[in-house]
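Chain residues, written in single-letter form:
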Amino acid sequence: QVQLVESGGGLVQAGGSLRLSCAASGPTFTTYAMGWFRQAAGKRRELVAAISWNGGSTGYGNSVKGRFTISRDNTKNMVYLQMNSLKPEDTAIYYCAASTGSYYLRMVDSEYDYWGQGTQVTVSS
């Protein structure tokens, strides 16, 4: 069983930055891929960023490439999402997710089996 707890969301002006954190429980954190997804009101959930078990591979949704960076610290069971140059269209609930069946990068939400409760990010114009 994996538990995921996100933190770091909030209200920020356009052009600003936020750093989201995700704390994962369990002794096997180093054996699986992680990802960040988001869901805006009235829209489908979409991939933001994903990372392999050791951080060696990362992937991003087209709308955040060049602005967001995913990273992980396996010594602390943590995953991070650094968000820069935020835009109003980045406003959404952001979810941390674990794909415990894979070491490698996973870019589709159906490949993730554990999810956090989400943290709200609001970007004002």
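Quick note: structure is the one above.
The model shown is predicted, which means the values in this text are computed figures rather than measured ones. (Residues numbered from 1 in each chain as written. Predicted model: local features only at pLDDT ≥ 70, side-chain atom pairs only at ≥ 80, totals over all residues. Heavy atoms only, no water.)

Hey, could you run me through the nonpolar core in this one?
Inside soluble globular proteins, nonpolar side chains tend to come together where they are buried. In this structure, Met34, Trp36, Leu81, Met83 and Tyr94 are the most contacted members of the largest nonpolar core, which totals 28 residues. Contributions of two or more residues to this core are made by strand S3 (18-24), strand S4 (33-39), strand S5 (46-51), strand S7 (68-73), strand S8 (78-83), strand S9 (92-99) and strand S11 (119-124). Every residue in contact with Met34, bar those within four places of it in the chain, is listed here: Leu4, Cys22, Phe29, Ala50, Ile51, Ile70, Arg72, Val79, Cys96, Ala97, Ala98 and Tyr112. Counting residues in hydrophobic clusters, the runner-up holds five residues, among them Phe37, Ala50, Ala97 and Tyr112. (Core = buried A, V, L, I, M, F, W, Y, C linked by side-chain atoms within 4.5 Å. Buried < 20%, exposed > 50% of the residue type's maximum accessible area, 1.4 Å probe, protein only. Helix = DSSP H or I, 4+ residues; strand = E, 2+ residues; numbered from the N terminus. Contact = heavy atoms within 4.5 Å.)

Just checking my understanding: could you explain the packing of aromatic side chains for this structure?
Any two aromatic rings considered together are summarised by their centre-to-centre distance and by the angle between their planes. On inspection of all chains with the given rule, the structure shows six aromatic pairs. Centroid distance Trp53 to Tyr103: 5.6 Å. Interplanar angle 85 degrees. Geometry classified as edge-to-face. Taken as a pair, Trp53 in the loop between S5 and strand S6 (58-60) and Tyr103 in the loop between S9 and strand S10 (114-115) lie far apart in primary sequence, 50 residues in all. Residue Trp53 is classed as partly exposed on the basis of its relative accessible area, which comes to 31%. An aromatic cluster is present here, built from Phe37, Tyr112 and Trp115 joined pairwise through their rings. Sitting over the face of the ring of Tyr80, Arg19 holds its NZ or CZ atom 4.0 Å from the ring centroid. (Phe/Tyr/Trp six-rings, centres within 6.5 Å; stacked < 30°, edge-to-face > 60°. Lys NZ or Arg CZ within 6 Å of the ring centre and 35° of its normal.)

Please clarify how the sheet that holds S8 should be interpreted in this entry.
Sheet strands pair via backbone hydrogen bonds, and the direction of the pair is either parallel or antiparallel. The strand order across the open sheet formed by four strands is S1-S3-S8-S7, and the pairing between neighbours is antiparallel. For this open sheet the edge positions go to strand S1 (4-7) and S7, each flanked by a neighbour on one side alone. Along the sheet, successive strands turn relative to each other by an average axial angle of 15 degrees, direction set aside. Where S3 meets S8, six bridges bridge the pair, whose relative direction is antiparallel. Residue pairing across strands places Ala23 opposite Met78, the latter belonging to S8. (Pairing = 2+ DSSP bridges. Axes fitted to C-alpha atoms, helices over the stretch in contact; angles between N-to-C directions.)

Please explain the pattern of salt bridges as it appears in this structure.
A pair can form between side chains of opposite charge whenever their charged atoms are brought close. A full pass over the atoms with the stated rule returns five salt bridges. Note that Arg38 and Glu46 form a salt bridge whose closest N and O atoms lie 2.6 Å from each other. Given a relative accessible area of 33%, Glu46 falls into the partly exposed group. For Arg67, the salt bridge is made with Asp90, and the minimal N-O distance between the two is 2.8 Å. Highlighted residues: Arg67 in the loop between S6 and S7 and Asp90 in the loop between S8 and S9, separated in sequence by 23 residues. Asp90 carries the same exposure label as Arg67, and that label is buried. When salt bridges with common partners are traced through the structure, they connect Arg38, Glu46, Arg67 and Asp90 into a single cluster. (Salt bridge = Lys/Arg side-chain N within 4 Å of Asp/Glu carboxyl O.)

When you look at the state of the cysteines in this model, what are you seeing that I'm missing?
Tallied over the entire structure, the rule returns one disulfide. Covalent S-S linkage joins Cys22 and Cys96, the inter-sulfur distance amounting to 2.0 Å. Taking the torsion about the S-S bond as the criterion, the Cys22 to Cys96 disulfide, at about -75 degrees, is left-handed. Here Cys22, found in strand S3, pairs with Cys96, found in strand S9; they are 74 residues apart in sequence, far enough to count as distant. A relative accessible area of 1% means that Cys22 is categorised as buried. By relative accessible area, Cys96 is classed as buried at 0%. (Disulfide = S-S within 2.5 Å.)

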